[in-house]
Amino acid sequence: MRLFTLIIPTAFILVGCSPTVTPPISEYTIYPSTKTIKPATTLSAKTLRMSRTKTIPSLSSKNLIYLRTSGESGSYLYTQWSDSPSLLIERSLSHKLQSEAIFSTLIPPASSAHADWILESDLHAFYHRFESGQKSKGILDITYYLIDAKTKLPIENKRFFITKNAPTEDASGGVSALVEATEELNNQCSQWLKEKVKQ
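Positions within a chain are numbered from 1, following the residues in the order the chain's sequence is written. It should be noted that, the model being predicted, local features are given only for residues of pLDDT at least 70 and side-chain atom pairs only at 80 or more, the latter also being counted only at that level, while totals for whole chains, interfaces and linings use all residues. For side-chain calculations, the full set of non-hydrogen atoms in the structure is used, while hydrogens and water are omitted.

Participant: Please explain a nonpolar patch on the surface as it appears in this structure.
Facilitator: On the surface, a nonpolar cluster with roughly 330 Å² of combined accessible area is contributed by I25, L77 and Y78. Mapped onto the secondary structure, Y78 falls in strand β5 (residues 73–81). When accessible area is computed with a 1.4 Å probe and restricted to protein chains, residues below 20% of their type maximum are described as buried, those above 50% as exposed, and intermediate ones as partly exposed. Under the relative-accessibility criterion, Y78 is labelled partly exposed at 36%. What makes a patch is a set of residues exposed beyond 30% relative accessible area and free of salt bridges, joined within 9 Å when like-charged and within 5 Å when nonpolar (Val, Leu, Ile, Met, Phe, Trp, Tyr). Using a 1.4 Å probe, accessible areas were evaluated by the Shrake-Rupley method; residue-level cover was limited to the displayed protein chains. Counted as salt bridges are all cases of a side-chain nitrogen of Lys or Arg within 4 Å of a carboxyl oxygen of Asp or Glu. Think of it this way: any DSSP run of H or I at least four residues long counts as a helix, any run of E at least two long counts as a strand, and we number them from the N terminus.

Participant: What is the right way to look at the pairing of strand β2 (residues 47–50) in this model?
Facilitator: Two faces, one strand: in a regular strand the side chains alternate between the faces of the sheet. Here β2 shows a buried face lined by T47 and R49 and a second buried face lined by L48 and M50. Whether two strands pair comes down to DSSP finding at least two bridges between them. In this structure, β2 lies alongside strand β7 (residues 117–129), joined through 3 bridges in parallel fashion. Bridge assignment links M50 to a residue of β7, and that residue is L119.

Participant: Please clarify how the environment of E180 should be interpreted in this entry.
Facilitator: Mapped onto the elements of the fold, E180 is located in helix α3 (residues 171–198). Once the C-alpha coordinates of E180 and N165 are considered, the two residues, 15 residues apart in sequence, prove to be 9.2 Å apart.

Participant: Please explain empty space enclosed by the protein as it appears in this structure.
Facilitator: It is the rolling of a water-molecule-sized probe over the atoms that shows where space remains empty. Here a cavity means grid points, on a 1 Å grid over the protein atoms only, where a 1.4 Å probe fits yet cannot get out; a pocket means an open set of points with protein on both sides within 12 Å along at least five of seven lines; lining residues are those with an atom within 4 Å of a point. Grid points are joined across faces, edges and corners, and a volume is the space filled by probe spheres set on the points. Per the counting criterion, the structure on display carries 1 cavity of 30 Å³ or more. Taken as a whole, the largest cavity encloses approximately 30 Å³ of empty space. Contributing to the lining of the largest cavity are M50, S51, T53, E90, L93, L119, S121 and Y144. For the lining of the largest cavity, the secondary-structure elements that each account for two or more residues are α2 (85–100) and β7. Under the scheme applied, nonpolar residues are Ala, Val, Leu, Ile, Met, Phe, Trp, Tyr, Cys and Pro; charged residues are Asp, Glu, Lys and Arg; polar residues are all the others, including Gly. When the residues that make up the lining of the largest cavity are grouped by side-chain class, the tally is 4 nonpolar, 3 polar and 1 charged.

Participant: For this particular structure, what's the right way to read the pattern of salt bridges?
Facilitator: According to the stated counting rule, one finds 8 salt bridges in the structure shown. For R129, the salt bridge goes to E131, with nearest N and O atoms at 2.7 Å. Between K196 and E156 there is a salt bridge, with its nearest N and O atoms 2.7 Å apart. Here E156 lies in strand β9 (residues 154–165) and K196 lies in helix α3, a separation of 40 residues in the sequence.

Participant: I would appreciate a short explanation of the confidence of the model for the protein chain in the present structure.
Facilitator: Caution applies to low-pLDDT parts of the model: their predicted coordinates are not meant to be read in detail. Confidence of the prediction at every residue is given by pLDDT, a number between 0 and 100. On average, residues of the protein chain score 87 in pLDDT, and 87% of them reach the 70 mark or higher. Of all the helices and strands in the protein chain, helix α1 (residues 2–16) carries the lowest mean pLDDT, 41, while strand β8 (residues 137–148) carries the highest, 98. The low-confidence segment residues 1–16, where pLDDT is below 50, has 0 contacts with residues more than four positions distant or belonging to other chains. Two residues qualify as a contact provided that any one of their heavy atoms is within 4.5 Å of a heavy atom in the partner residue.

Participant: Help me out: how do you make sense of the packing of aromatic side chains in this one?
Facilitator: Aromatic ring pairs are reported here in terms of the distance separating the ring centres and the angle at which the planes meet. Between the rings of Phe, Tyr and Trp (Trp by its six-membered ring), a pair exists once the centres lie within 6.5 Å; its type follows the angle of the planes, with under 30 degrees stacked, over 60 edge-to-face, and the other angles tilted. Applying the stated criterion across every chain, the model contains 5 aromatic pairs. Grouping aromatic residues by their ring pairs yields a cluster made of Y144, F160 and W192. A cation over a ring is seen here: K158 above F160, with NZ or CZ 5.7 Å from the ring centre. Counting as a charge over the ring demands two things of the Lys NZ or Arg CZ atom: a distance within 6 Å of the ring centre and an angle within 35 degrees of the ring normal.

Participant: It is not clear to me how unusual backbone geometry should be interpreted in this structure. Could you clarify?
Facilitator: Phi is mostly negative for residues that are not glycine, and the peptide bonds are mostly trans. A positive phi is found at A101, a non-glycine position, where the angle reads about 55°. Counting through the fold element by element, A101 comes out in the loop between α2 and β6 (105–107). Even without glycine at this site, K152 takes up a positive phi of about 65°. Mapped onto the elements, K152 comes out in the loop between β8 and β9. Classification of K152 as exposed rests on a relative accessible area of 60%.

Participant: Can you walk me through the nonpolar core in this structure?
Facilitator: A general tendency of soluble globular proteins is for nonpolar side chains to be buried together. By convention a nonpolar core is built from buried Ala, Val, Leu, Ile, Met, Phe, Trp, Tyr and Cys residues, the set being connected through side-chain atoms within 4.5 Å. Formed by 40 residues in total, the largest nonpolar core has its most connected members in L48, W81, F126 and Y144. Elements with a minimum of two residues in this core: β2, β4 (63–67), β5, α2, β7, β8, β9 and α3. By residue number, the principal contributor to this core is α3, which donates 10 residues. Those residues in contact with F126, other than ones at most four positions away along the chain, are I30, L59, W81, P85, I89, I139, L140, L178 and T182.

Following this line, the structure appears as structure tokens:
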């Protein structure tokens, strides 16, 4: 009996000390497109301030979220964004608007400088969605609100719902689809703002 008592604790110690290998975390970001050539002159004399994007808690973290048709949602264990999706999208659009020279000055959210217009945004979705019998997709759903800074009245709001097929059915494929969706958002939103400054 004494021998049995000594062997059991030793077995637990050996199991507890066995090394476990944790896969490294893959981190992704959204780099602004470098394809656009900045015009020699600005399209408008107006100034624009971009406000911080509002969103739900899950999109305020670095997690890469997936959704399934069953209603299941979760985040990939070993894949994440370099920053929250709301900030990555915000920075990407800011770079796009600067490169397009739509406004004379683009003012960051933290600045106290005066702006003619304010661009507010509400991010509803930024997910890798799996659908039965179809390719998975990157889903980006966001609404922008263009506000007159002087009167505090809305000029116009526009909702963008963009989907892109994922090249592979995994986290890397989801990232690729969401990066492509963000690039498409930048193109559509900048075009919308160009139309507004010309009116």
